[in-house]
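# Breakdown of the fold
Listed here are the chains, written in short residue letters.
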Amino acid sequence: MVVEWCTQFLDPRASQGLNIPRALIILNQPFSVKLLKTVWAASEWRSCADGGANRLHDVLGASGDPNLRSSFLPDMVKGDLDSLRDDVKLYYTSLGVPVIHDSDQDSTDLMKCVQALEENERLTGQEFEIVILGGLSGRLDQTVHTLSYLHKLRKTRKRVFTVTDDNVGWVLNEGEHLIHINHDVLGQTCGLLPVGIDSTILTTTGLRWNLDNTESSFDGLMSTSNHLIPGQDVTIKTSKPIWWCAELRDH
């Protein structure tokens with residue numbers, strides 16, 4: 001079976017992207033108001049992972065629109081709250097946003113928000129795609145955690161994306177995949193990263209430099225800085241789970 005993927009949630013003009021239930025988790029990493037507005041509008045459940053609330057609060061406050069901040073209230077703020085500033089906590093609690101302290105040191109703030117989403121799903125019977133805002137920039141250990149956690153989540157969730165102002169990425173499980181490329185949103189450069197595996201066998205179409213039953217590993221060949229071909233979608237066949245990433249077009 002071929003698994004199909006698209007990134008319509010990154011295109012504010014793509015109204016069909018709103019038909020899919022999505023959950024947005026905001027991490028403590030920089031992002032633009034433009035990207036925030038796009039992924040927020042494409043989501044119906046939103047949470048901030050601890051210091052992600054600082055980022056949300058500050059980027060909206062710096063926009064110059066005094067009413068913008070109160071228009072973007074998350075469903076919750078959750079984490080061990082070691083990064084959440086007191087003024088940000090006061091702001092959101094005063095507007096009725098739950099701020100939930102979870103002291104479990106065996107789970108990260110991102111994991112805590114996913115757990116909260118899964119509790120919501122059990123109550124409502126609704127399953128969400130997850131869009132993580134952040135996770136691929138900043139501290140290396142946090143980036144590696146994102147790579148590792150999404151690699152694990154593929155076993156229990158169908159679709160989890162992570163996006164920054166620079167790129168979008170997700171894990172492709174073993175098998176065949178068709179990625180519908182929105183060339184108005186995605187830029188030229190893309191990559192296939194064998195993270196968390198010893199090696200994989202890749203066959204692709206729709207790339208400038210396609211792979212044909214080619215082994216890919218950290219110790220060998222990695223398809224980084226590959227290029228999308230204008231007007232074409234991408235197919236990927238992989239024998240092991242692999243990270244796919246593509247840059248966002250700079251508008």
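This one's a predicted model, so the numbers in the text were calculated from it and none came from an experiment. (Residues numbered from 1 in each chain as written. Predicted model: local features only at pLDDT ≥ 70, side-chain atom pairs only at ≥ 80, totals over all residues. Heavy atoms only, no water.)

Among the nonpolar cores identified, the biggest contains 49 residues, and Leu36 and Trp244 are the most heavily contacted of them. Sorting elements by how many residues they give to this core places helix α1 (residues 33–41) first, with five residues. Core analysis: the second largest hydrophobic core is formed by 23 residues, Ala23, Trp45, Val195 and Trp243 among them. (Core = buried A, V, L, I, M, F, W, Y, C linked by side-chain atoms within 4.5 Å. Buried < 20%, exposed > 50% of the residue type's maximum accessible area, 1.4 Å probe, protein only. Helix = DSSP H or I, 4+ residues; strand = E, 2+ residues; numbered from the N terminus.)

Every buried residue belonging to helix α3 (residues 86–94) is among Val88, Tyr91 and Tyr92, and all of these are buried. End-on, the buried residues of α3 take up no more than an arc of 85°, which puts them together on one face. With respect to the buried face of α3, the exposed residues turned more than 90 degrees away are Asp86, Leu90 and Ser94. For α3, the secondary structure elements touched by its buried residues are α2 (52–61). Count one or two residues on from α3 and you reach Gly96, which has phi positive near 85°. (Arc of directions from axis to C-beta. Contact = heavy atoms within 4.5 Å.)

Here the structure, examined in full by the defined rule, presents six aromatic pairs. Measuring from centroid to centroid gives 5.9 Å for Trp5 and Phe161, while their planes differ by 85°, and the two rings are edge-to-face. Of this pair, Trp5 sits in strand β1 (residues 2–5) while Phe161 sits in strand β7 (residues 160–163), and the two are 156 residues apart along the sequence. Here the two residues Trp5 and Phe161 agree in accessibility, since each one is buried. With centroids separated by 5.0 Å and ring planes inclined at 70°, the aromatic side chains of Phe161 and Trp170 adopt a geometry described as edge-to-face. Among the aromatic residues, those joined into a ring-pair cluster are Trp5, Phe9, Phe161 and Trp170. Geometry around Tyr91 places Arg69 over its ring, the cationic atom sitting 5.5 Å from the centre. (Phe/Tyr/Trp six-rings, centres within 6.5 Å; stacked < 30°, edge-to-face > 60°. Lys NZ or Arg CZ within 6 Å of the ring centre and 35° of its normal.)

Considering the arrangement of structural elements, one finds Gln8 in the loop between β1 and β2 (22–26). Looking at Gln8, its side chain comes within polar contact range of the side chain of Asn182, at 3.4 Å. (Polar contact = N/O pair within 3.5 Å; in protein donor to acceptor, adjacent residues only side chain to side chain.)

Our next topic: the sheet that holds strand β9 (residues 175–179). The strand order across the open sheet built from five strands is β1-β9-β14-β11-β12, with neighbouring strands paired in mixed fashion. Two strands lie at the open edges of the sheet, namely β1 and β12 (214–216), each paired on one side alone. With strand direction ignored, the average angle separating the axes of adjacent strands in the sheet is 30°. Where β9 lies against strand β14 (residues 234–238), five bridges are found, and the strand directions are antiparallel. Of the residues in β14, the one forming a bridge with His177 is Ile236. (Pairing = 2+ DSSP bridges. Axes fitted to C-alpha atoms, helices over the stretch in contact; angles between N-to-C directions.)

This part covers helix α4 (residues 109–124). The terminal C-alpha atoms of α4 lie 23 Å apart, and with 16 residues this matches the ideal 22 Å at 1.5 Å per residue to within 8%. Asp109, Leu110, Met111, Lys112, Cys113, Val114, Ala116, Leu117 and Glu121 are the residues of α4 that are buried. Its buried side turned inward, α4 meets β2, β3 (45–49), β4 (76–79), β6 (129–133) and α5 (140–153). The first or second residue beyond α4 is Gly125, which carries a positive phi of 75°. (Expected span 1.5 Å × (residues − 1).)

With that settled, consider the packing of α2 against α3. One can describe the packing of α2 onto α3 by two numbers: an axis separation of 10 Å at closest approach and a directional angle of 80°. The angle between α2 and α3 falls in the class roughly perpendicular. Across the interface between the two elements, Ala53, Asn54, Leu56 and His57 from α2 touch Asp87, Val88, Tyr91 and Tyr92 from α3. Residue composition of the contact of α2 with α3, by class: five nonpolar, two polar and one charged. (Parallel < 35°, antiparallel > 145°, perpendicular 65-115°, else oblique. Nonpolar A, V, L, I, M, F, W, Y, C, P; charged D, E, K, R; others polar.)

Unfilled space is identified by rolling a water-sized probe across the atoms. In this structure, the largest pocket occupies an estimated 470 Å³ of space. When residues of the lining of the largest pocket are traced back to their parent elements, those giving at least two are α4 and α5. Take the lining of the largest pocket: its biggest share by element is four residues, from α5. (1 Å grid on protein atoms, 1.4 Å probe; cavity = no way out; pocket = protein on both sides within 12 Å on 5 of 7 lines; lining within 4 Å. Points joined across faces, edges and corners; volume = space filled by probe spheres on them.)

To continue, consider the sheet that holds β4. Strand order in the open sheet formed by 10 strands is β5-β4-β3-β2-β6-β7-β8-β15-β10-β13, and the pairing between neighbours is mixed. Unpaired on one side and paired on the other, β5 (99–101) and β13 (223–227) mark the two borders of the sheet. Going from strand to strand, the sheet's axes swing by 20° on average, the running direction of each strand aside. Pairing of β2 with β6, which is carried by five bridges, proceeds in the parallel orientation. When the bridges of β6 are listed, Arg22 appears paired with Glu129.

So far we have only geometry, and geometry alone does not tell us how the molecule works.
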